[in-house]
Amino acid sequence: MKKLILNLFSLTVAVTLFLTSCEQNPGPQVQDDSILPDQFGVDIPDAISFADSQLKSAKAVDPLNGNVIYYHLGTFINVGEKGAEIVGDIIRGIAIYQINKPMSLSFQSDDDGRVKNLDVTADSYYDGVSWEFEMVITDADSEMNEDRGMALQLFWNRNPRKGIAILKPYNIDRTENELNEDAIFRIDYSEAGERGYDAYMLVAVAGLEVLDPLENPYSMSTLKMFAGKTDDIVDVYGNSDHPNAKFFTSDAGFNWAFVASGDDDLNIGVAEVGLPPSNLDEPSRIVLLEDHSVMNVFTDQIYEVWPTIDPQSVETYLLNTAAPGFFDNGGFIQGGTSPGEEYNDIVTRLPSLTPYNPKEVADMVIEFKIN
């Protein structure tokens, strides 16, 4: 069990380092006359989105409970949130070029020292939608490669603000992203009042390097996450896929399927997590979050390995895997029972949220539009 906890902990380090390396310097702010969007993501309450630095002193490393799963849920949500932040950082980074109309230019990247080409065109069409503008940034010396050197492709409308961004960190910064050459992010963002939210983002990540299972069996290959915000309330749901993940038995390949809701003003959150197999072709919320709840999966596997184990010991060990899990700005509080009335509004939102089909997430491919 100690090995399980340490391997999960090392996963957060790897993911966080990757995302940190992708981030650009904030740079100048987008000017008033710029045609670039100055917002391209939903801020998620820290109570359900946190980086590795917040985990180091967390009680999740205690091998006598299962709340480590909830801590890693927060880390996976943070992956999706960081993906959207990267797009915003790039937009601010090129603000110095005063993108106020369709144009073409080249510049030398401050990150990897390589020449990048930038093209902004009007009246584009992608994914069944007509877009006011399209911007493409490529790594100049890689434009003859199979991926055409594509670093960022951004489609957007200004009113209401809405867009799609596809980015390949390797072509943005070769220095820091050598180990994830095939990783691609896609971020859909809208402030058009769709899906019942004032603003929402859908973040997808594919092509992450799956490490040798002997080194890290919990490396993540894909992630798909939705985050919608209305006033101070943020709903989040999605899946991350870990093709080599194991717990107590030899069964390998699991999704972290999750739903969560948070109050940004109170900085509190509530979440449910399921651990369905990666190859499970099933969209049902009951199957993903109830039949394959953390408690059920762990209980079944523990008794499979230790059929004569004391039931009281199992119950004690899995105490904090009871759903849902409750959080505040200090992290995980408890599972199953609400800590107080302030959670009433967000806990009632969970039944309407459902993760994605695990197999579809595991098989997900993200591609640029190649004209």
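Residues numbered from 1 in each chain as written. Predicted model: local features only at pLDDT ≥ 70, side-chain atom pairs only at ≥ 80, totals over all residues. Heavy atoms only, no water.

Digging into the confidence of the model for the protein chain
1) Next: Overall, the prediction assigns the protein chain a mean pLDDT of 83, with 81% of residues at 70 or greater.
2) Next: Across residues 1-26, where pLDDT falls below 50, the model places 68 contacts with residues more than four positions away in sequence or in other chains.
3) Next: Counting interchain partners and residues more than four positions distant, the pLDDT-below-50 stretch residues 52-66 has 30 contacts. (pLDDT = per-residue confidence, 0-100. Contact = heavy atoms within 4.5 Å.)

Section: the nonpolar core
Most often, soluble globular proteins have nonpolar side chains that are buried together.
1) Next: Grouped together as the largest cluster of nonpolar side chains are 64 residues, with contacts concentrated most on M135, M225 and V236.
2) Next: Ranked by residues supplied to this core, first place goes to helix α2 (residues 68-93) with eight residues.
3) Next: Counting residues in hydrophobic clusters, the runner-up holds 19 residues, among them Y197, A257, V270 and V361. (Core = buried A, V, L, I, M, F, W, Y, C linked by side-chain atoms within 4.5 Å. Buried < 20%, exposed > 50% of the residue type's maximum accessible area, 1.4 Å probe, protein only. Helix = DSSP H or I, 4+ residues; strand = E, 2+ residues; numbered from the N terminus.)

Re the pairing of strand β8 (residues 222-230)
1) Next: Of the strand pairs in this sheet, strand β7 (residues 199-206) and β8 are connected by seven bridges, and their pairing is antiparallel. When the sheet's bridge partners are listed, L202 is paired in β8 with F226.
2) Next: The sheet contact formed by β8 and strand β9 (residues 233-242) spans nine bridges and is antiparallel. Counterpart to T222 in the pairing with β9 is D241.
3) Next: Once β8 ends, the chain turns through two residues before running back antiparallel as β9, passing D231 with a positive phi of about 55 degrees. (Pairing = 2+ DSSP bridges.)

Section: unusual backbone geometry
Most peptide bonds take the trans configuration, and most residues that are not glycine carry a negative phi.
1) Next: Cis rather than trans, the peptide bond between N159 and P160 has omega equal to -5 degrees.
2) Next: Its location among the elements puts P160 in the loop between β4 (150-158) and β5 (161-167).
3) Next: Backbone torsion omega between A323 and P324 reads -5 degrees, so that peptide bond is classified as cis.
4) Next: With respect to the helices and strands, P324 occurs in the loop between α6 (311-317) and β12 (325-328).
5) Next: Notably, D123 is not glycine yet its phi reads approximately 60 degrees, a positive angle.
6) Next: Looking at the secondary structure, you find D123 in strand β2 (residues 115-126).
7) Next: Despite not being glycine, R195 shows a phi value in the positive range, around 60 degrees.

A closer look at the packing of aromatic side chains
1) Next: Per the counting criterion, the structure on display carries 14 aromatic pairs.
2) Next: The interplanar angle of 5 degrees and the centroid separation of 4.5 Å between the aromatic rings of Y126 and F155 together place this pair among those described as stacked. Highlighted residues: Y126 in strand β2 and F155 in strand β4, separated in sequence by 29 residues. The residues Y126 and F155 share a single accessibility class, namely buried.
3) Next: The rings of Y218, F247, F248, F254, W256, F298 and W306 are connected pair by pair, giving a single aromatic cluster.
4) Next: The aromatic ring of Y356 is capped on one face by K224, whose charged end is 4.4 Å from the ring centroid. (Phe/Tyr/Trp six-rings, centres within 6.5 Å; stacked < 30°, edge-to-face > 60°. Lys NZ or Arg CZ within 6 Å of the ring centre and 35° of its normal.)

Comments concerning the environment of G228
1) Next: Within the secondary structure, G228 sits in strand β8.
2) Next: When the C-alpha atoms of G228 and R195 are compared, they prove to be 8.2 Å apart, with 33 residues separating the residues in sequence.

Notes on the pairing of strand β13 (residues 331-335)
1) Next: Bridge count between β12 and β13: four bridges; the pairing is antiparallel. Opposite F326, over in β13, you have Q334 as the bridge partner.
2) Next: If you look at the hairpin formed by β12 and β13, you'll find two residues sitting between the two strands.

Re the pattern of salt bridges
Oppositely charged side chains can form a pair if their charged atoms are brought close together.
1) Next: Applying the stated criterion to the full structure yields 14 salt bridges.
2) Next: For D139, the salt bridge identified is with R174, shortest N-O distance 3.7 Å. Remark: R174 occurs in the loop between α3 (169-172) and β6 (184-190) and D139 occurs in strand β3 (residues 129-139); sequence separation between them is 35 residues.
3) Next: Taking relative accessible area as the criterion, D139 reaches 0% and is therefore assigned buried.
4) Next: The salt bridge partner of E194 is K162, with a shortest N-O separation of 2.9 Å. (Salt bridge = Lys/Arg side-chain N within 4 Å of Asp/Glu carboxyl O.)

A word on a negative patch on the surface
1) Next: A surface patch of negative charge is lined by D198, D231, D232 and D265.
2) Next: Examined against the element boundaries, D232 turns out to sit in the loop between β8 and β9. (Patch = residues over 30% accessible without salt bridge, like charges linked within 9 Å, V, L, I, M, F, W, Y side chains within 5 Å. Areas by Shrake-Rupley, 256 points an atom, 1.4 Å probe, with all protein chains shown as cover. Lys, Arg positive; Asp, Glu negative; His and termini not counted. Charge placed at Lys NZ, Arg CZ, Asp CG, Glu CD.)

Points about the side chain of D188
1) Next: Position of D188 among the secondary structure elements: in strand β6.
2) Next: Under the relative-accessibility criterion, D188 is labelled buried at 14%.
3) Next: Of the polar contacts made by the side chain of D188, one reaches the side chain of R186; its length is 2.8 Å.
4) Next: Those residues in contact with D188 that lie beyond four places of it in its chain are G163, I164, Y200, M201 and L202. (Polar contact = N/O pair within 3.5 Å; in protein donor to acceptor, adjacent residues only side chain to side chain.)

Section: the side chain of T249
1) Next: Following the sequence through the fold, T249 ends up in the loop between β9 and β10 (254-263).
2) Next: A distance of 3.2 Å separates a polar atom in the side chain of T249 from the backbone nitrogen of D251.
3) Next: In contact with T249, other than residues within four places in its own chain, are Q301, E304 and V305.

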